[in-house]
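# Results of the structural survey
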Amino acid sequence: GAVVSQHPSRVICKSGTSVKIECRSLDFQATTMFWYRQFPKQSLMLMATSNEGSKATYEQGVEKDKFLINHASLTLSTLTVTSAHPEDSSFYICSASALGQGHAYGYTFGSGTRLTVV
Amino acid sequence: TQLLEQSPQFLSIQEGENLTVYCNSSSVFSSLQWYRQEPGEGPVLLVTVVTGGEVKKLKRLTFQFGDARKDSSLHITAAQPGDTGLYLCGFGNEKLTFGTGTRLTIIP
């Protein structure tokens, strides 16, 4: 089955620094990947849609300059949290669907990245 | 405002009991999906329902899509500790948006 690998699984960084999170589709190509954020005991909130070879589409209220997304290939999308602050601490999860399959076959999710900003 | 409201938000029951969780909206959907998420992991797809009134079974889990395609339910029979997790309904053709979630705990 489709596998999405997310790295790192946990990261602790100092306030003011930037952190990059990688999302890779291991055995399929994904023109579109999605980035979610999840606070404790809450659901997943869609942050942005990452499109291969073009600019990401951000959801309302998400700062694009704060959360930089790059989707340079059909198997890799990165999310960079710039100038991180403690309130950015959260669980970040990416997902992807196989090329041309869309929602009908479901989305495959990475295992998430626990970001803690101290 | 969340487009998909799930209830209850939290549910804790004894092993062996039955339960139903709900996913409700005022909007009509062409399809809905159910996912389960375990702590520290990403969600995993359980089922996609497409037709109004559709019922799908996955072992002890029964999913139903409302006739008007505005709501869905998940019924678990004889719950087991392994059913513990966050249950999410979601919709979207171009991008997946989740409901508010139901956090289920099965007590051995």
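Residues numbered from 1 in each chain as written. Chains lettered and ligands numbered in written order. Predicted model: local features only at pLDDT ≥ 70, side-chain atom pairs only at ≥ 80, totals over all residues. Heavy atoms only, no water.

### Structural notes on the sheet that holds strand β1 (residues 5-7) of chain B
Residues and elements named next belong to chain B. As a reminder, the rule being used: By this definition, two strands are paired if DSSP reports at least two bridges between them. Strands here are runs of E lasting at least two residues and helices are runs of H or I lasting at least four, both read from the DSSP assignment and numbered beginning at the N terminus. Axis definition: a line fit to C-alpha positions, over the contact stretch in the case of helices; interaxial angles, taken between N-to-C directions, run 0 to 180 degrees.
Reading across from one edge, β1-β3-β8-β7-β6 is the order of the five strands in this open sheet, with antiparallel pairing throughout. Each of the sheet's edge strands pairs with one partner strand only, and the pair in question is β1 and β6 (55-58). Taken over all neighbouring pairs, the strand axes of this sheet differ in orientation by 15° on average, direction set aside.

### Digging into the side chain of Q37(B)
What counts is decided by this rule: Only protein chains enter the area calculation, which uses a 1.4 Å probe; residues under 20% of their type maximum are buried, those over 50% are exposed, and those in between are partly exposed. What qualifies as a polar contact is a pair of N or O atoms within 3.5 Å, subject to a donor-acceptor requirement within protein and to the restriction that residues adjacent in sequence count only when both atoms come from side chains. In what follows, residue pairs with any heavy atoms lying within 4.5 Å of each other are defined as contacts.
Mapped onto the secondary structure, Q37(B) falls in strand β4 (residues 32-37). Q37(B) sits in the buried class, given a relative accessible area of 4%. A polar atom in the side chain of Q37(B) sits 2.8 Å from the backbone oxygen of E41(B). Setting aside its immediate chain neighbours within four residues, Q37(B) contacts Q38(A), L44(A), F91(A), I93(A), G42(B), P43(B), G85(B), L86(B) and L88(B).

### Some details on the interface of chain B and chain A
Let me state the cut-off plainly: Throughout, the accessible surface (probe 1.4 Å) given up by two parts as they are put together, summed over both, is called the buried area. Salt bridge criterion: a side-chain nitrogen from Lys or Arg within 4 Å of a carboxyl oxygen from Asp or Glu.
Listed by partner, the interface residues are 24 residues for chain B and 21 residues for chain A. For the pair chain B and chain A, the two sides together bury roughly 1700 Å², of which 51% comes from carbon and sulfur. Of all residues in chain B, the largest losses of buried area upon contact with chain A belong to K95(B), L96(B) and F98(B), amounting jointly to 25% of the total for that side. Applying the counting criterion to the chain B and chain A interface returns one salt bridge. Put simply, chain B and chain A have seven residue pairs in polar contact (both at pLDDT 80 or more) between them.

### Some points on the pattern of salt bridges
Overall, the coordinates contain five salt bridges over all chains when judged by the stated rule. Residue E59(A) pairs with K95(B) through a salt bridge whose shortest N-O separation is 2.7 Å. Here E59(A), found in the loop between β6 (57-58) and β7 (67-73), pairs with K95(B), found in the loop between β9 (85-91) and β10 (97-98), and the two come from separate chains. On the basis of relative accessible area, K95(B) is assigned to the partly exposed category, the value being 31%. Across the pair E54(B) and K56(B) runs a salt bridge whose closest N-O atoms are separated by 3.7 Å.

### Notes on the state of the cysteines
Our working rule: Here, two cysteine sulfur atoms that lie within 2.5 Å of each other are counted as a disulfide.
The final tally for this structure, using the stated rule, is two disulfides over all chains. One disulfide in the model links C23(A) with C94(A); its S-S distance is 2.0 Å. Between C23(A) and C94(A) the disulfide shows an S-S torsion of about 85°. By sign, it is right-handed. Here C23(A) is found in strand β3 (residues 19-25), whereas its partner C94(A) is found in strand β9 (residues 90-96), with 71 residues between them in sequence. For C94(A), a relative accessible area of 0% translates into the label buried. Across the disulfide from C23(B) sits C89(B); the S-S distance is 2.1 Å. Torsion about the S-S bond of the C23(B) and C89(B) cystine: about 80°, corresponding to right-handed handedness. Residue C23(B) is found in strand β3 (residues 19-24), and its partner C89(B) is found in strand β9; the two are separated by 66 residues along the sequence. For the pair shown, C23(B) and C89(B) are each scored as buried. No disulfide involves C13(A); its sulfur sits 18 Å from that of C94(A), the nearest cysteine. Judged by its relative accessible area of 8%, C13(A) falls in the buried class.

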